[in-house]
Every structure is written in C-alpha cells, then in structure tokens.
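Residue strings, one per chain:
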Amino acid sequence: MQINILTEQEAATIEELLAASLHIVICCHKSPDGDALGASLAWGEYFWRHDKDATVIVPDAFPDFLRWMPNVEKVIRYDKHTEKAEAKIKEADLILCLDFNVSDRVDAMKDALDAATAKKLMIDHHLDPDMKDALIISHPDLCSTCELVFRILWQLGKFEEMNRKMAACIYCGMMTDTGGFTFNSNMPEIFFIIGQLLTKGINKDKIYRNVYNNYSSWTIRLRGYILCNKMNVLDDYHASFFVITREDMERFHFVKGDAEGLVNIPLQIKGMKLSISLREDNQRDGVIWVSLRSVDDFPCNQMAADCFNGGGHLNASGGRLNCTVEEAVKIVKQAIIKYEDLLKS
C-alpha cells in the first residue's frame, strides 16, 4: 500500500523547513470547515510539541460544532484581531497555507499573506493551485487536506511523534470532507490511515457525535422548515435546490454552521443527481452563497465554475453570486437546464 506522496526533493525541503523555522503561521481558507481547521490544528500541535512559536490564524468564524477540537482556543481570528494577526504574519519565517489553492480564498487576509516575506508551504487538494514562490503539495485525488497532512508526516517519519490531539484533528478533517466517509473515500489507503489514527487513542464515534449530533433545537427546526417548505425538486432533471433567506435565519436564530451538510439531504431522494443550496449572506447585501453536491460523475466543479463563480471537487463544490435571491433562483434554473443532458442521462 502506497502512503508516500512526496518526491525525495519535496520531502527533503519540507524536513528542512520544519527544522529551521522558528516563527510559524498556519492559515486556512475563509469560513473554515472541519478539514481546514483540522489540518491547521494538527500542524499547530506538532509545532507546539517542538517548542516552536506557531500561530493558527483563520480569516473568520468557524462553526460551533468544531469548538470541541483540541487547542481550538488558541486560534486567532483575523477579522477580530487583525493587528495581532498581521504582526504574526510579518514576523513569520514559515507560513503553512492549508486547504486552499489561491490566496483569494483567505478573503481579507489576502494582502497580508501576499506581502509576507516568509517561506510558504501550500498543502491542498483542490484543483489548479497557484501561489507565487510557494512549495506546493497538491493532490486533488485525495479525500482531504488532512489526508495529505497524515501522509506527509508518515513519509517524514513523524508518525511516532503524533499524539491523540493531532490524530483527532486529522480524523475530523477526513471525516467531514467525505461526509462521514460516504463520498470521495473509496481508496483503501484511507482506511489504513484510519486504522493508524485509532492506535493513537482517538474515539472516532465521539468525534462523529461532536460534529453531527451537536445542533441546537433551533437548527433542527430550521432544517425541517427548509426541507418542508423551501426545497424545490425537479424530478425530470434529477435535481433539487432550496434557498435560505435572511428572514429564515432570523426566525430560527441562525449561527454559523447551522446549514452545514443540509445540501446533502436532498440527494437521499431516489434518483437525485444534484442538490444546490442558496444562502443569503446575513451581513452583506446582494451576496448569495452557493453549495453544490452531486453523485456519481456529475461535475459539480464544472457547473460551479460555469454558473456560480466558483469551483471545487467533482461531487462537492461552491460558489458565490452577487445578486438578489430572485435572480439567484433564475440562475440556478438556467444552470440546471444548461446541464440537462448530463442530469437526464
């Protein structure tokens, strides 16, 4: 079974970076998910165990259901502590860029990241990585950035140094980016990695409950309301979509993460190939966030790029529209019609 993914030169360069760097910044994309935060905190724990000055910086808020993660209290939010975060970025001699392929994905942090003089190491599994002067470790065929992190540490001989905290973060990232290992998770190496993580004493069942069984009653009511009253099923196209408006969020006391995974549920309908979620930004007017999920070979990433100013993976992608809710609905319908041959086949 092949776990190693680095070339000899990449392995030697990363080994040198890890040893030589004293001030490290670890960052990930806007609206961090389990994979982004898991990869960041796993590396953070690694560096803290080696008495390095390491700082995990995220662009903005992450979901409440990830607040159980080890060392999460050490995370700095750029949007709340901008001066402190920028000072850390300026003094860093190494910046780890995790789970994003271009600096635009860090939103307001982009200028500070682009201007940083530190050496940069990008570890990611999205298509078309692009960062000037960075060492880029990109494997879009792998299930998650956390899987990459495990494979890198394994190849560098660091597995014995991995503790339960690191293992829990890596497992969480792999689990969330595969929907509990229900998609993009057919490679046998994934389950070898899970077996190795279990030797570190993690409780995978509790990690699952922490993430998926940790909602408020308002969240469950919101989900029921959206599925009952807002889900549009286009049977002829094997597609569905729904809209979450500001009014919906206010009514059900929405907090970040309450809609996480909701876009997957319509795929439980027999014969469904595509599910699209539209969510109004609850702070910025005219911004609609788009999430797409599909099954089999329907290309969410292609649709996201063509129609929603986005991208991502084959079966899980996202995008953004700058328009009203009504206009966004029209764009979704047009996108479904545009791809009707693939949806109906």
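Predicted model, so just to flag it, every value in this text is computed and none were measured.

Colleague: Looking at this structure, how should I read the overall build of the protein?
Modeller: Helices and strands together make up the secondary structure of the protein, namely 13 helices and 12 strands. Taking 20 Å as the expected radius of gyration for a compact globule of 345 residues, we find that the protein reaches 20 Å, a close match to that expectation. Looking at the protein as a whole, 54% of its 345 residues are labelled buried. A fraction of 66% describes how many contacts in the protein between residues 6 or more apart in sequence connect residues 24 or more apart. Positive and negative side-chain charges of the protein, numbering 39 and 50 respectively, have mean locations separated by a distance of 5 Å.

Colleague: Can you help me understand the packing of aromatic side chains in this one?
Modeller: We describe a pair of aromatic rings using the distance from one ring centre to the other and the angle between the two ring planes. Following the criterion strictly, the structure yields 14 aromatic pairs and no others. With centroids separated by 5.5 Å and ring planes inclined at 80°, the aromatic side chains of tryptophan 154 and phenylalanine 192 adopt a geometry described as edge-to-face. Placement of tryptophan 154 in helix H5 (residues 145-155) and of phenylalanine 192 in helix H7 (residues 188-198) is noted, with a sequence separation of 38 residues between them. Residue classification places tryptophan 154 among the partly exposed residues on the basis of a relative accessible area of 27%. By way of ring pairs, the aromatic residues Phe150, Trp154, Phe159 and Phe192 are connected into one cluster. The side chain of arginine 223 reaches across the aromatic face of tyrosine 215, ending 4.5 Å from its centre. Seen from the ring of tyrosine 237, lysine 344 lies directly overhead, with NZ or CZ sitting 4.8 Å from the centre.

Colleague: Got a minute to help me understand the sheet that holds strand E3 (residues 76-77) in this structure?
Modeller: Across a sheet, strands are paired by hydrogen bonds formed along the backbone, either parallel or antiparallel in direction. Pairing within the open sheet is parallel, and its 6 strands lie in the order E3-E2-E1-E4-E5-E6. The sheet terminates laterally at E3 and strand E6 (134-138), the two strands that pair on one side only. Here strand E5 (residues 119-124) runs beside E6; their pairing, made up of 5 bridges, is parallel. Residue pairing for E6: aspartate 124 is matched across the bridge by serine 138. Each of strand E4 (94-98), E5 and E6 touches helix H1 (residues 8-20); the most contacted strand, E6, lies at about 125° to it.

Colleague: Which parts of the structure should I look at to understand the sheet that holds strand E7 (residues 232-234)?
Modeller: With respect to topology, 6 strands assemble into an open sheet ordered E7-E8-E9-E10-E12-E11, the strand pairing being mixed. At either margin of the open sheet sits one strand with a lone partner, and together these are E7 and strand E11 (311-312). With 2 bridges connecting them, E11 and strand E12 (residues 316-322) associate as antiparallel partners. By the bridge assignment, glycine 312 is partnered in E12 with serine 317. Contacts between helix H11 (residues 300-307) and the sheet are confined to strand E9 (274-280), strand E10 (287-294), E11 and E12, with E12 contributing the most and set at about 10° to the helix.

Colleague: Help me understand the pairing of E12, please; the structure alone is not making it clear to me.
Modeller: Sheet faces and side chains relate simply in a regular strand, where the side chains alternate between the two faces. Sheet topology places E10 next to E12; 7 bridges connect them, and they run antiparallel. Within the sheet, the bridge partner assigned to tryptophan 289 lies in E12 and is arginine 320. Counted between consecutive antiparallel strands, the loop separating E11 from E12 contains 3 residues.

Colleague: Is there a simple way to explain unusual backbone geometry in this structure?
Modeller: Excluding glycine, residues mostly have negative phi values, and the peptide bonds linking residues are mostly trans. The backbone of aspartate 128 shows a phi angle near 55°, a positive value even though the residue is not glycine. Looking at the element boundaries, aspartate 128 is found in the loop between E5 and E6. Assessed through its relative accessible area of 65%, aspartate 128 is described here as exposed. Despite not being glycine, asparagine 184 shows a phi value in the positive range, around 50°.

Colleague: Is there a simple way to explain the nonpolar core in this structure?
Modeller: In a soluble, globular protein the nonpolar side chains are often hidden away together inside. With 62 residues, the main nonpolar core has Trp43, Phe47, Ile170 and Leu197 as its most contacted residues. Judged by nonpolar contacts, the second largest core, of 26 residues, contains Val290, Phe298, Leu321 and Val329.

Colleague: What exactly am I supposed to notice about helix H8 (residues 204-212) here?
Modeller: A turn of α-helix holds 3.6 residues, and therefore any two residues three or four places apart point the same way. Ile207, Asn210 and Val211 are the residues of H8 that are buried. Along the axis of H8, the buried positions cluster into a sector of 90°, meaning they face one direction only. On the buried face of H8, the contacting elements are helix H6 (164-177). Its side-chain oxygen 3.2 Å from the backbone nitrogen of aspartate 205, asparagine 203 forms the N-cap of H8.

Calculation criteria
Residues numbered from 1 in each chain as written. Predicted model: local features only at pLDDT ≥ 70, side-chain atom pairs only at ≥ 80, totals over all residues. Heavy atoms only, no water. Helix = DSSP H or I, 4+ residues; strand = E, 2+ residues; numbered from the N terminus. Rg over C-alpha atoms; globule rule 2.2 N^0.38 Å. Buried < 20%, exposed > 50% of the residue type's maximum accessible area, 1.4 Å probe, protein only. Contact = heavy atoms within 4.5 Å. Lys, Arg positive; Asp, Glu negative; His and termini not counted. Charge placed at Lys NZ, Arg CZ, Asp CG, Glu CD. Phe/Tyr/Trp six-rings, centres within 6.5 Å; stacked < 30°, edge-to-face > 60°. Lys NZ or Arg CZ within 6 Å of the ring centre and 35° of its normal. Pairing = 2+ DSSP bridges. Axes fitted to C-alpha atoms, helices over the stretch in contact; angles between N-to-C directions. Core = buried A, V, L, I, M, F, W, Y, C linked by side-chain atoms within 4.5 Å. Arc of directions from axis to C-beta. Polar contact = N/O pair within 3.5 Å; in protein donor to acceptor, adjacent residues only side chain to side chain.

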